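Residues per chain are reported as follows:
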Amino acid sequence: MIEEPSERLIEQRIRNRIYEILEILADCDAGVDLVGIKGYFDLFEDFVHRPSIEAGTSALSRDERAIVLEIAELLEAACETNSDFTKAEFIESDWPGKIAPTARNARALFLDRGLFSEKVEEVEPGQPAAVPAAR
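Note that this is a predicted model, so its numbers are computed, not measured. (Residues numbered from 1 in each chain as written. Predicted model: local features only at pLDDT ≥ 70, side-chain atom pairs only at ≥ 80, totals over all residues. Heavy atoms only, no water.)

Draft legend 1. Examining unusual backbone geometry more closely. Even without glycine at this site, Cys28 takes up a positive phi of about 55 degrees. Its place among the elements puts Cys28 in the loop between helix H1 (7-26) and helix H2 (29-48). Phi is positive for Asp94, close to 70 degrees, though the residue is something other than glycine. Mapped onto the elements of the fold, Asp94 is located in the loop between helix H5 (87-92) and helix H6 (95-113). (Helix = DSSP H or I, 4+ residues; strand = E, 2+ residues; numbered from the N terminus.)

Draft legend 2. Representation of the nonpolar core within the structure. One finds Leu25, Phe44, Ile71 and Phe90 to be the most contacted residues of the largest nonpolar core, which totals 28 residues. Elements with a minimum of two residues in this core: H1, H2, helix H4 (62-81) and H6. With 7 residues, H1 is the largest single contributor of residues to this core. In contact with Leu25, not counting residues within four places along its chain, are Tyr40, Phe44, Ile71, Leu75, Ile99, Ala100 and Ala103. (Core = buried A, V, L, I, M, F, W, Y, C linked by side-chain atoms within 4.5 Å. Buried < 20%, exposed > 50% of the residue type's maximum accessible area, 1.4 Å probe, protein only. Contact = heavy atoms within 4.5 Å.)

Draft legend 3. Structural detail: the pattern of salt bridges. Here the structure, examined in full by the defined rule, presents 7 salt bridges. Across the pair Arg107 and Glu23 runs a salt bridge, and its minimum N-O distance is 3.7 Å. With Arg107 in helix H6 and Glu23 in helix H1, the pair connects residues that are 84 residues apart, well separated along the chain. Its relative accessible area of 23% is what places Arg107 among the partly exposed residues. Assessed through its relative accessible area of 31%, Glu23 is described here as partly exposed. Here Glu64 makes a salt bridge to Arg113, at a shortest N to O gap of 2.6 Å. Of this pair, Glu64 sits in helix H4 while Arg113 sits in helix H6, and the two are 49 residues apart along the sequence. (Salt bridge = Lys/Arg side-chain N within 4 Å of Asp/Glu carboxyl O.)

Draft legend 4. Broad picture of the packing of H1 against H6. Interaxial distance between H1 and H6 falls to 8 Å at its minimum, and their mutual angle equals 145 degrees. As for the relative orientation of H1 and H6, their crossing is left-handed in sense. Of the residues in H6, those in contact with Arg15, Ile18, Tyr19, Leu22, Glu23, Leu25 and Ala26 of H1 are Ile99, Ala100, Ala103, Arg104, Ala106, Arg107, Phe110, Leu111 and Arg113. Across the contact of H1 with H6, the residue classes break down as 11 nonpolar, no polar and 5 charged. (Axes fitted to C-alpha atoms, helices over the stretch in contact; angles between N-to-C directions. Left-handed = near helix turned anticlockwise from the far one by under 90°. Nonpolar A, V, L, I, M, F, W, Y, C, P; charged D, E, K, R; others polar.)

What follows is the structure, encoded as structure tokens:
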């Protein structure tokens, strides 16, 4: 039987997925080419608008949460400019160039802490959570 991951482990995995998406956003036009216009917007949206992130109870630090929400605002502003961008129009608009520096800053911030384990609950990356002693 497969054991379901804990909420904490899910939050750690989500933080790691956000980091991977930051890699794409930081890559400017190449990131758009890699995942396409829909992927560029939807990948981030899929992970960021979670109650735990919006409430500040995720595995993200306060600073990570702030910069991730800042990127979400940039993506929303880009979408409001033209919700029907083609990939070429989006690249030509220079929105990827406007988003990339913030994504690079976010990526560096995430790497300052490191990435979380995908298998073990951690208080901080590399610091496993205490396991209660068996009684």
